[in-house]
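Structure at a glance
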Protein chains: 2
Amino acid sequence: MIRRPPLSLLDLEAAPLGSRWALTAVLDALPWNSDGLIAAIAQQHDSGEVLMLAWMNRQALGETLASGQACYWSRSRRCLWRKGESSGHRQRLIEARLDCDGDAVLLLVDQQGPACHTGRPNCFYNAIRDGAVEVISSPLKDSRHDS
Amino acid sequence: MIRRPPLSLLDLEAAPLGSRWALTAVLDALPWNSDGLIAAIAQQHDSGEVLMLAWMNRQALGETLASGQACYWSRSRRCLWRKGESSGHRQRLIEARLDCDGDAVLLLVDQQGPACHTGRPNCFYNAIRDGAVEVISSPLKDSRHDS
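Bear in mind that the values here come from a model prediction, so they are computed numbers and not experimental data.

**Describing the relation of the copies chain A and chain B**
If you rotate chain A by 180 degrees and push it 0.0 Å along the axis, it lands on chain B with an RMSD of 0.0 Å. In symmetry terms, the pair is related by a two-fold rotation axis. Every residue of chain A has its C-alpha some distance from the rotation axis, and the shortest such distance is that of A:Gly48, at 2.4 Å. Taken together, the interface assignments show that 100% of the residues at the interface of chain A recur at the interface of chain B, consistent with an identical surface on both copies.

Okay, structure coming up:
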């Protein structure tokens, strides 16, 4: 039996365009943090709008890939958070992309309704302008305020 | 002297469009993590391309706002990381936006050259497709590989 060293993200960094690795080997190589998490950025796939930042453990990422619906790890509730399960504001996965050092994943999604628990289209509504923070969007009408 | 309770991010959540607060009061209210950091997403302001995820402490965010050039906190080197200082691949800040719970900031930037230390345009080049991870972009030619 030939023993191969475990995959490193440096292998992907140096690889030519189109190179492929088994997903399991890459997930084994990710630098999950001390809580077993990586950061997950959700982006609307067609408009490019950045919707939110959340967290995923390996189980959440696996469920997201298997179900095609974004599932995060809720750090406050300490459980899987199936986005939109109660509100209907789901995120259908178009594609997931890991970053160069493997501690973040970009989720290209199709967002149903508002992404933010406040009912706003996205979570980044506090703009820093001229030494102040300004609220730049409002909750959508008739949106349920759970996420 | 009237004592007011410290600002909470819940105040911003409930506020109408156009409400403004002093930046210092908002920064005091952010839930900086145990290392004093929040996550920072850099996005190309015009194309919407998500470039990278990095981290900021209060000093890095302050310098970014003051200088108009993205400055992060390097967790590996444990120092301020003035993006592009050695490579020239700077990020000119267009606008910074805090998220609903204040543990992430979206930086709309104008990226010079590649954003990724590998020389690729952005860091999210490892796409998960059909149970495998595929490298979907190449380093730009003649790009210096420091960041």
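Here the narrative resumes.
**A few points about the UniProt feature "binding site: Mg(2+)" in chain A**
When the UniProt feature table is mapped to this numbering, "binding site: Mg(2+)" covers A:Asp99, A:Asp101 and A:Asp103. On the secondary structure map, A:Asp99 appears in the loop between β6 (91–98) and β7 (104–111). For A:Asp99, a relative accessible area of 2% corresponds to the buried category. Those residues in contact with A:Asp99, other than ones at most four positions away along the chain, are A:Ala104, B:Cys123, B:Phe124 and B:Asn126. Positionally, A:Asp103 belongs in the loop between β6 and β7. On the basis of relative accessible area, A:Asp103 is assigned to the buried category, the value being 14%. Not counting residues up to four positions away in its chain, the partners in contact with A:Asp103 are A:Pro31, A:Ile38, A:Ala39 and B:Arg75.

**With respect to the packing of aromatic side chains**
Tallied over the full model, the rule gives three aromatic pairs over all chains. Ring centres of B:Tyr72 and B:Trp81 lie 5.3 Å apart, and the angle between their planes is 45 degrees; on these two criteria the pair is classed as tilted. Take B:Tyr72 and B:Trp81: they sit in the same class, and that class is buried. A cation sits over an aromatic face here: A:Arg120 above A:Tyr125, 3.9 Å from the ring centre.

**Some thoughts on the UniProt feature "binding site: Zn(2+)" in chain A**
UniProt records the feature "binding site: Zn(2+)" at A:Cys100, A:Cys116 and A:Cys123, using the numbering of this structure. An extended arrangement is adopted by the annotated residues: their sequence extent is 24 residues, and the largest C-alpha distance between any two is 27.3 Å. Along the chain, A:Cys100 turns up in the loop between β6 and β7. Taking the relative accessible area as the measure of exposure, A:Cys100 reaches 8% and is therefore buried. What A:Cys100 contacts, discounting residues up to four positions off in sequence, is A:Leu9, B:Cys116, B:His117, B:Thr118, B:Cys123, B:Tyr125 and B:Asn126. Every residue in contact with A:Cys116, bar those within four places of it in the chain, is listed here: A:Pro121, A:Asn122, A:Cys123, A:Tyr125 and B:Cys100.

**Looking at the interface of chain A and chain B**
Of the residues lining the interface, 51 residues belong to chain A; the matching set on chain B comes to 51 residues. Both sides together, the interface formed by chain A and chain B hides about 4600 Å², and carbon and sulfur atoms give 60% of it. Looking only at chain A, the three residues that lose the most surface to chain B are A:Phe124, A:Ile128 and A:Val133, adding up to 15% of its buried area. Here chain A is connected to chain B by six salt bridges. Here A:Glu134 makes a salt bridge to B:Arg20, at a shortest N to O gap of 2.8 Å. Remark: the boundary between chain A and chain B carries 32 residue pairs in polar contact (both at pLDDT 80 or more). Tallied by class, residues from the side of chain A that touches chain B come to 30 nonpolar, ten polar and eleven charged. Judged from the three bridges that link them, strand β1 (residues 20–22) of chain A and strand β9 (residues 132–135) of chain B form a sheet pairing that is antiparallel. Across the sheet, the residue bridging to A:Trp21 is B:Val133, located in β9(B).

**Overview of the pairing of strand β4 (residues 71–74) of chain B**
Here is the key point about a regular strand: its side chains alternate between the two faces of the sheet. All names here are of chain B. Neither face of β4 is open: one carries Cys71 and Trp73, the other Tyr72 and Ser74, and all of them are buried. Sheet analysis places β4 next to strand β5 (residues 79–82), joined by four bridges and oriented antiparallel. Looking at β5, one finds that Ser74 is bridged to Cys79. If you look at the hairpin formed by β4 and β5, you'll find four residues sitting between the two strands, and Arg78 has a positive phi there, around 55 degrees.

**Regarding helix α3 (residues 58–67) of chain B**
Residues and elements named next belong to chain B. For α3, the full list of buried residues reads Ala60, Leu61 and Thr64. End-on, the buried residues of α3 take up no more than an arc of 100 degrees, which puts them together on one face. Opposite the buried face of α3, by more than 90 degrees, sit the exposed residues Gln59 and Ala66. Residues of α3 that are buried in the fold lie against α2 (23–29), β2 (38–44), β3 (50–56), β4, β5 and β6 (91–98). Downstream of α3 by a residue or two, Gly68 has a phi angle that is positive, lying close to 75 degrees.

The rules behind each value
- Residues numbered from 1 in each chain as written.
- Chains lettered and ligands numbered in written order.
- Predicted model: local features only at pLDDT ≥ 70, side-chain atom pairs only at ≥ 80, totals over all residues.
- Heavy atoms only, no water.
- Least-squares fit on C-alpha atoms with pLDDT ≥ 70 in both.
- Contact = heavy atoms within 4.5 Å.
- UniProt positions renumbered as here; feature names shortened; annotations may be inferred.
- Helix = DSSP H or I, 4+ residues; strand = E, 2+ residues; numbered from the N terminus.
- Buried < 20%, exposed > 50% of the residue type's maximum accessible area, 1.4 Å probe, protein only.
- Phe/Tyr/Trp six-rings, centres within 6.5 Å; stacked < 30°, edge-to-face > 60°.
- Lys NZ or Arg CZ within 6 Å of the ring centre and 35° of its normal.
- Buried area = accessible area lost by both parts, 1.4 Å probe.
- Salt bridge = Lys/Arg side-chain N within 4 Å of Asp/Glu carboxyl O.
- Polar contact = N/O pair within 3.5 Å; in protein donor to acceptor, adjacent residues only side chain to side chain.
- Nonpolar A, V, L, I, M, F, W, Y, C, P; charged D, E, K, R; others polar.
- Pairing = 2+ DSSP bridges.
- Arc of directions from axis to C-beta.

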